[in-house]
Amino acid sequence: MKQTAIILLHCPDRQGIITDITKFITDNRGNIVYLDQYVDTIEGRLFMRIEWDLDDFLIPREKIKEYVKTMFGERYEMDFNVFFSDVKPRMALFVSKMNHCIYDILARYKTGEWNVEIPCIISNHEDLRYVAEQFNIPYYVWSINKDHSNKEEVERAEMELMQKENISFIVLARYMQIISDDMIKAYPHHIINIHHSFLPAFIGARPYDQAYERGVKIIGATSHYVTAELDAGPIIEQDVVRITHKDTPESLKIKGRDLEKIVLSRAVTKHIERKILTYKNKTVIFS
């Protein structure tokens, strides 16, 4: 596959931004292969993703970010990042005891559906080591005491491992622990969680039991970036499934788990493809 560069940006909207950026690329012999943009008229802000072929591009790839910053950064008050298609994101997978999400993720990884590396799986339980061994991925366990007295020590060890493995983002595949502020600050908008509910309804633990008690007619799943506020980070993907009065808490869990793995994988796909921009507590998801 051809190597491409990608710019994800947002800035105050004004006339001429898209023209200037596309002209910069084409003037330097870049062939644009993808362009998507959105203007939030309430915020007065432009969001854009642009990707171009690097084969004949005149500017060395290591200089592209510097050029974009110099030419457009201050001029347009632009917040941007530059990515390259041949640089695979490195994902750390966090799990506890449930295996439905980890199996779905690793199957997509193994079949080459995702342009990603998974150098490690981290857990607070031994239960899913057999899954990691099936896919030949190192599995690390740090048990957390019931009183959480060793949680700071555990997260420090996890952070050291992730730094060593050059991890670029984290996926919580039903990892049943609250992530500390320190880890969230180290990976801002780069920790993806799956919540077994259609947020903002039924936050916290036991959402299927809450849904059953409330008598709802649909249940859902939500994948979002993790922030310091529990289950309140920018939402990436959601979906629902219909239920009836015949459903029990157990049947809700079975239906919900099918939905969880699909919603989580959709969110991970968009992150890997560099098609998500976050602004305030919302996301712009490019097609």
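Residues numbered from 1 in each chain as written. Predicted model: local features only at pLDDT ≥ 70, side-chain atom pairs only at ≥ 80, totals over all residues. Heavy atoms only, no water.

**Describing the packing of helix H3 (residues 100-110) against helix H8 (residues 249-272)**
Our working definition: Lines fitted to C-alpha atoms define the axes here, with helix axes fitted over just the stretch in contact, and angles between the N-to-C directions of these axes take values from 0 to 180 degrees. The helix and strand labels rest on DSSP assignments: H or I over at least four residues marks a helix, E over at least two residues marks a strand, and numbering proceeds from the N terminus. An angle below 35 degrees is treated as roughly parallel, one above 145 as roughly antiparallel, one from 65 to 115 as roughly perpendicular, and anything else as oblique. In this scheme, a crossing is called left-handed if the near helix is turned counterclockwise away from the far one by less than a right angle; it is called right-handed if the turn is clockwise. In what follows, a contact means two residues having at least one pair of non-hydrogen atoms within 4.5 Å.
Running from N to C, H3 and H8 point in directions that differ by 40°, and their axes come no closer than 9 Å. Between H3 and H8, the angle falls in the class oblique. The two elements H3 and H8 meet at a crossing, and its hand is right-handed. On H8, the residues touching His100, Cys101, Asp104, Ile105 and Arg108 of H3 are Arg257, Glu260, Lys261, Leu264 and Ser265.

**Description of unusual backbone geometry**
Using the following cut-off: To sort residues, take the accessible area from a 1.4 Å probe on protein chains only and compare it with the maximum for the residue type: under 20% means buried, over 50% means exposed, and anything in between is partly exposed.
Backbone geometry places Arg29, a non-glycine residue, at a positive phi of 65°. Within the secondary structure, Arg29 is located in the loop between helix H1 (17-27) and strand S2 (31-40). Look at Arg29 and you get exposed, because its relative accessible area is 52%. Phi is positive for His148, which is not a glycine, with a value near 60°.

**A look at helix H5 (residues 151-164)**
Worth spelling out the cut-off: In this analysis, the expected span of each helix is defined as 1.5 Å times one less than the number of residues it contains. The arc in question is the one traced by the directions running from the helix axis out to the C-beta atoms.
End to end, H5 covers 20 Å across 14 residues, agreeing with the expected 20 Å (1.5 Å per residue, within 8%). If you check which residues of H5 are buried, you get Lys151, Val154, Glu155, Glu158, Leu161 and Met162. Here the buried residues of H5 occupy an arc of 120° about the axis, which is enough to place them on one side. Opposite the buried face of H5, at more than 90 degrees from it, the exposed residues are Glu152, Glu153, Glu160, Gln163 and Lys164. Where H5 is buried, its residues meet strand S5 (90-95), strand S6 (117-123), strand S7 (139-141), strand S8 (169-172) and helix H6 (181-186). Backbone geometry just downstream of H5 places Asn166 in the positive-phi region, at approximately 55°.

**Remarks on the sheet that holds strand S1 (residues 4-12)**
This is how it is decided: Note: two strands are recorded as paired if DSSP finds a minimum of 2 bridges between them.
The strand order S2-S3-S1-S4 describes an open sheet built from four strands, whose pairing is antiparallel. Each edge of the open sheet is held by one strand with a lone partner, namely S2 and strand S4 (79-84). With direction set aside, neighbouring strand axes in the sheet form an average angle of 10°. Looking at chain direction, S2 and strand S3 (residues 45-53) are connected through nine bridges and run antiparallel. Residue pairing for S3: Ile32 is matched across the bridge by Trp52. Running at roughly 15° to S3, H1 makes contact with S1, S2 and S3 of the sheet. Here helix H2 (residues 64-73) sits on the sheet in contact with S1, S3 and S4, set at roughly 160° to S4.

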